[in-house]
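What follows is each chain in one-letter form.
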Amino acid sequence: MSAVTIIRSKTEQAILALFAKHKDQLQGQGSFGSQRAKAFASFEQTGLPHRRIEAWHYTDLRSLLREAPPLAAKPASHVVQRAAEKNWSTDQIDATRLMLVNGFYDESISSFTMPQGVKVTDVYKALSDPSSKNFHDHIGQATQSSDPLIELNTAFMNGGVVIEIASGTKLDKPLELRCLVEGIDPVSMHARILVIAGDDTEFTLIESHQGPDALSYQVNNVVELFLGNNAHVHHVRLNQSGNYAVDLSTLAAVVGAETSFNTFHMVNKPGIARHQVFVKMQGEGAHLSVNGVNMLNGTQHADTTLAIDHAAPACTSRELFKTILDAQATGVFQGKIMVKQIAQKTDGKMMSQAVLLSDDAKMNNKPELEIFADDVVCGHGATCGALDEDLLFYLMARGLPKAEAEALMLAAFAGEAIETVENEDLRAILEAVVGDWLGQRAHHVE
Amino acid sequence: MLEIKNLHVAIEDKKILNGLTLTVNDGEVAAIMGPNGSGKSTLSYVIAGKPDYDILDGEILLNGVNVLDMEAHERAAAGLFLAFQYPLEIPGVTTMTFLKSAMNAQRKSRGEDELPVAEFMKRVKAASDRLGIAQDMLRRGLNVGFSGGEKKRMEILQMALLEPQFCILDETDSGLDIDALKIVSEGVNVLRDSKRSFLVITHYQRLLNYFVPDTVHVMAHGQVVKTGGKELALELEASGYADYKTLAA
Ligand SMILES: Nc1ncnc2c1ncn2[C@@H]1O[C@H](COP(=O)(O)OP(=O)(O)OP(=O)(O)O)[C@@H](O)[C@H]1O
Ligand SMILES: [Mg+2]
């Protein structure tokens, strides 16, 4: 056997050192310890994903991740106090709130009571508590793929939250998970969120993320969603991480029969972002809708990667993603629809549209279909281009300065994806985030 | 007053306007007629400030100010308005939002305050009623799925609300049915006053029965080749453009 020397980047070496340093202090030594070790071994073998790995061709983490900041510690009480005072874009929404500070759930600044049918467990505690059976039974089960981000998360996970929603529970107020990064030193965070929802549940889950600007922190969150049969679930993720942040996130969902799941994602600030959505349509007649808007400026890089697995008959899936790119920003959309042989009568449609506002901005679109059933309707499309000059002239001829005319067209462009969000108040918030982004841009242009 | 002097314009190395000269006085309604491809729409775009054209020579003065140095939105704020031959569809931007943005942008550049919402709604209601435009159309995307005639009415609605000083109507009559033509002409007629001028591009003498011009100009090969009174339109209806097609060549 010949010895292969693996060449590791500086960041990879630092990640190895971090694991060596922390592995014995992280929660859940006993049974969970071996899961960690296994996950880390898998990461150790592949290293950070890079451009020669197909799924990472356009987001080469090996070159994008320049450092591996230390793991965030459980926040001290004065940090938690500061966290409680933050303003959020979602403040005017009447919601049940769960607060994560630097990747750790903090009950003291979360809503005092949970609605009936909702049970919340701190992952920090569940990790070393064998009686948290639902946590241990579900962790890592929402996806079979050995994804490097999930492996890293499993290896380093030390906090997060488990939300269990009992069958038949219908929530009238949204649940909001607020993930705040607070502090002055760069840290890395690997929170794990499990949502385990029974049959006939109905709820809206908001995920809001924010953190300080000019701080190069790294987030690698994994959300696992287990949705029973005949559920109606809406999920909105608003990524307003700081402008130097690296925000990596994975949403892995298993969708039961006749269940409708609608997830929307918006990115406007972080320097580097990748949002992965892996959905398995496991029950017959489920409906999935995955949509999003990315607005990028400067040298921002944002990647949306979807893998939709139609593993049961007669499911529908719809994806609509809009990307607005200015300056030297880079956008990536990778969307894969897989239709298993059993999944007859699948109806899938995917669309990615990008507007380039500058010659230096770049969009990479990669839609894919992988179909093993014969009675299916599947389609995908991708467009990429500048704003229509004739439309711009039409608006300017009516008196709108160029930046304003562009803003009107871009708001309409993003609006088409925002339309897919059912909750009216949330739509208004998302529209306002778009408006702010466009306003700041117009300010630059003038 | 609009003065166009010796205007030479090309697009993609193709010469379209060849030394066009034309004056429209305050309060005047000037009609332009001419064969297809003679450069009428090009002239209207150049006046409105569409950026695709190479202006090789000449000037366009609005009240003595050369508008060729201005961007399209500045010309609009200065009082120029073009009703497009082919109005564009803008999906996702409701007609209401569009009207409000346009009116307020022009007010802003003139240093005026934004129009209060109630006042805005009142004006839109009055003008759209006069043009027979149903309110629910205003909540749809601008021109999206509108019929040809509806789009033309929408152009005139914009004109009525923006109260420009110089209006260019590029074939507003084509696509209108007989009743709509009367309604729209009426809508334009009420805007006529001693300060406001119109440049009306049309192929059909019929419009000019309802919206009677002071002068009629014949355009061919990118020039004004004949100018006369309203009777010139009748002559053209009878004789066609055969004489003019050779005249300027
Ligand atoms: N982008 C372009 N590139 C090349 N030629 C053009 C372009 N736009 C217009 N032209 C040409 O310029 C000429 C004048 O066109 P214009 O639209 O001004 O004519 P018009 O008088 O308005 O005709 P109509 O009565 O049919 O509306 C035509 O020959 C047309 O083909
Ligand atoms: Mg024309």
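Residues numbered from 1 in each chain as written. Chains lettered and ligands numbered in written order. Predicted model: local features only at pLDDT ≥ 70, side-chain atom pairs only at ≥ 80, totals over all residues. Heavy atoms only, no water.

Here the focus is the overall build of chain B. Scanning chain B for helices and strands turns up ten helices and twelve strands. For 249 residues, the compact-globule formula gives about 18 Å, and the C-alpha radius of gyration of chain B, at 18 Å, lands near that figure. Counting only C-alpha atoms and orienting by the principal axes, one finds that chain B spans roughly 55 × 40 × 35 Å. The buried share among the 249 residues of chain B stands at 54%. For chain B, restricting intrachain contacts to residue pairs at least 6 apart in sequence, the fraction spanning at least 24 positions comes to 68%. (Helix = DSSP H or I, 4+ residues; strand = E, 2+ residues; numbered from the N terminus. Rg over C-alpha atoms; globule rule 2.2 N^0.38 Å. Buried < 20%, exposed > 50% of the residue type's maximum accessible area, 1.4 Å probe, protein only. Contact = heavy atoms within 4.5 Å.)

Moving on to the packing of aromatic side chains. Note on aromatic pairs: each is described by the distance of the centres and the angle between the planes. For the structure shown, the criterion picks out 14 aromatic pairs over all chains. Here the aromatic rings of A:Phe393 and B:Tyr45 are separated by 6.0 Å at their centres, their planes lie at 75 degrees, and the arrangement is edge-to-face. Placement of the pair is A:Phe393 in helix H8 (residues 389–396) and B:Tyr45 in helix H1 (residues 40–48), with the two residues belonging to separate chains. Judged by centre distance (6.5 Å) and plane angle (25 degrees), the ring pair of B:Tyr45 and B:Tyr53 falls under stacked. (Phe/Tyr/Trp six-rings, centres within 6.5 Å; stacked < 30°, edge-to-face > 60°.)

Moving on, we come to the packing of helix H1 (residues 10–22) of chain A against helix H2 (residues 30–46) of chain A. All names here are of chain A. Their axes nearest at 12 Å, the elements H1 and H2 cross at an angle of 165 degrees. Taken as axis vectors, H1 and H2 run roughly antiparallel relative to one another. Remark: the crossing between H1 and H2 carries left-handed chirality. Across the interface between the two elements, Ile15, Leu16 and Phe19 of H1 pack against Arg36, Ala37, Phe40, Phe43 and Glu44 of H2. Looking at the contact of H1 with H2 residue by residue, the class counts come to six nonpolar, no polar and two charged. (Axes fitted to C-alpha atoms, helices over the stretch in contact; angles between N-to-C directions. Parallel < 35°, antiparallel > 145°, perpendicular 65-115°, else oblique. Left-handed = near helix turned anticlockwise from the far one by under 90°. Nonpolar A, V, L, I, M, F, W, Y, C, P; charged D, E, K, R; others polar.)

To continue, consider the site of ligand 1. All names here are of chain B. Neighbouring ligand 1 are 15 residues, the closest being Ile16, Lys40, Ser41, Thr42 and His203. One of the backbone nitrogen or oxygen atoms of Gly39 is found 3.0 Å away from an oxygen atom of ligand 1. Contact distances for ligand 1 include 2.5 Å between an oxygen atom and a side-chain N or O atom of Thr42. Computed on the free molecule, ligand 1 has an accessible area of 640 Å², of which 66% lies beneath the protein chains in the complex. Of all the elements in the fold, those that place two or more residues in the shell around ligand 1 are strand S2 (14–24) and H1. By residue number, the principal contributor to the shell around ligand 1 is H1, which donates three residues. Broken down by class, the residue content of the shell around ligand 1 amounts to three nonpolar, eight polar and four charged. (Near = heavy atom within 4 Å. Polar contact = N/O pair within 3.5 Å; in protein donor to acceptor, adjacent residues only side chain to side chain. Areas by Shrake-Rupley, 256 points an atom, 1.4 Å probe, with all protein chains shown as cover.)

Once that is clear, we can look at the coordination of the magnesium ion (ligand 2). Residues and elements named next belong to chain B. Around the magnesium ion (ligand 2), the protein contributes the donor atoms Ser41 (OG) and Gln85 (OE1), at 2.0 to 2.2 Å from the metal centre. Of this pair, Ser41 sits in helix H1 while Gln85 sits in the loop between strand S6 (80–83) and strand S7 (90–94), placing them 44 residues apart in sequence. Relative accessible area serves as the criterion here: at 13%, Gln85 is assigned to the buried category. (Donors = N, O, S within 2.8 Å, 3.2 Å for Na, K, Ca; no water.)

Moving on to the environment of B:Gly228. Residue and element names in this part refer to chain B. As for its placement among the helices and strands, Gly228 is situated in strand S12 (residues 223–228). When the C-alpha atoms of Gly228 and Ala31 are compared, they prove to be 9.8 Å apart, with 197 residues separating the residues in sequence. If near-sequence neighbours (up to four positions away) are discounted, Gly228 is found in contact with Thr215 and Val216.

When pLDDT is averaged along chain B, the result is 93; 98% of the residues meet or exceed 70. With a pTM of 0.93, the predicted complex shows an ipTM of 0.95. (pLDDT = per-residue confidence, 0-100.)

What follows covers the interface of chain B and chain A. On the chain A side, the residues contacting the 32 residues of chain B number 15 residues. Of the roughly 1900 Å² buried between chain B and chain A on both sides combined, carbon and sulfur atoms contribute 72%. Counting every contact that joins chain B to chain A gives two salt bridges. The shortest N-O distance in the salt bridge between A:Arg398 and B:Glu155 comes to 2.7 Å. The tally of links from chain B across to chain A stands at eight residue pairs in polar contact (both at pLDDT 80 or more). Elements represented by at least two residues in the side of chain B that touches chain A include exactly H1, helix H2 (72–78), S6, S7, helix H3 (95–109) and helix H6 (148–162) of chain B. In terms of residues, the side of chain B that touches chain A owes the most to one element, H3(B), which gives six residues. (Buried area = accessible area lost by both parts, 1.4 Å probe. Salt bridge = Lys/Arg side-chain N within 4 Å of Asp/Glu carboxyl O.)

Turning our attention to the pairing of strand S9 (residues 218–227) of chain A. Residues and elements named next belong to chain A. Of all ten residues that make up S9, ten are buried, and the element is covered over most of its length. What you see with S9 is no split at all: Gln218, Asn220, Val222, Glu224 and Phe226 on one side and Val219, Asn221, Val223, Leu225 and Leu227 on the other are buried throughout. Bridge count for strand S6 (residues 188–189) against S9 is two bridges, and the pairing is parallel. By the bridge assignment, Met189 is partnered in S9 with Val219. One ladder, built from six bridges, connects strand S7 (residues 192–197) with S9; its direction is parallel. (Pairing = 2+ DSSP bridges.)

Residues and elements named next belong to chain A. Assigned domains within chain A: domain 1 (10–283) and domain 2 (387–446). A straight line from the C-alpha centre of domain 1 to that of domain 2 covers 31 Å. Listed per partner, the contact involves 15 residues of domain 1 and 13 residues of domain 2. Summed over both partners, the interface of domain 1 with domain 2 comes to about 1100 Å²; 78% of that surface belongs to carbon and sulfur atoms. (Domains from an automatic or database assignment.)

We now examine the environment of A:Ile337. All names here are of chain A. Take Ile337: it is sitting in strand S17 (residues 330–339). When its relative accessible area of 0% is taken as the criterion, Ile337 is described as buried. In contact with Ile337, other than residues within four places in its own chain, are Ile308, His310, Glu319, Gly348, Lys349, Met350, Glu368, Leu369, Glu370 and Cys378.

Now for the side chain of A:Asp147. All names here are of chain A. Tracing the chain through its elements places Asp147 in the loop between helix H6 (133–138) and helix H7 (148–156). An unpaired buried charge is present at Asp147: no salt bridge exists, and Arg274, the closest side chain of opposite charge, is 5.2 Å distant. From its side chain, Asp147 meets the backbone nitrogen of Leu149 in a polar contact 2.9 Å long. Polar side-chain contacts of Asp147 include one of 3.0 Å to the side chain of Gln276. (Lys, Arg positive; Asp, Glu negative; His and termini not counted.)

What follows deals with the packing of H2(A) against H7(A). Residue and element names in this part refer to chain A. Two elements in contact, H2 and H7, have axes separated by 8 Å at closest approach and are oriented at 140 degrees. By the angle class used here, H2 and H7 are oblique. Helix-helix and strand crossings are classified by hand; for H2 and H7 the assignment is left-handed. When H2 is examined against H7, the residues Phe32, Gln35, Arg36, Ala39, Phe40, Ser42 and Phe43 are found in contact with a partner set consisting of Glu151, Leu152, Thr154, Ala155 and Phe156.

What follows is about H2(A). Owing to its 3.6 residues per turn, the α-helix brings residues three or four apart onto one side. Residues and elements named next belong to chain A. Over its 17 residues, H2 runs 26 Å from end to end, which matches the ideal 24 Å to within 8%, given 1.5 Å per residue. For H2, the complete set of buried residues consists of Phe32, Gly33, Arg36, Ala39, Phe40 and Phe43. Seen from one end, H2 has its buried residues packed into an arc of 130 degrees, which puts them on one side. Exposed residues lying more than 90 degrees from the buried face of H2 are Ser31, Lys38 and Gln45. (Expected span 1.5 Å × (residues − 1). Arc of directions from axis to C-beta.)

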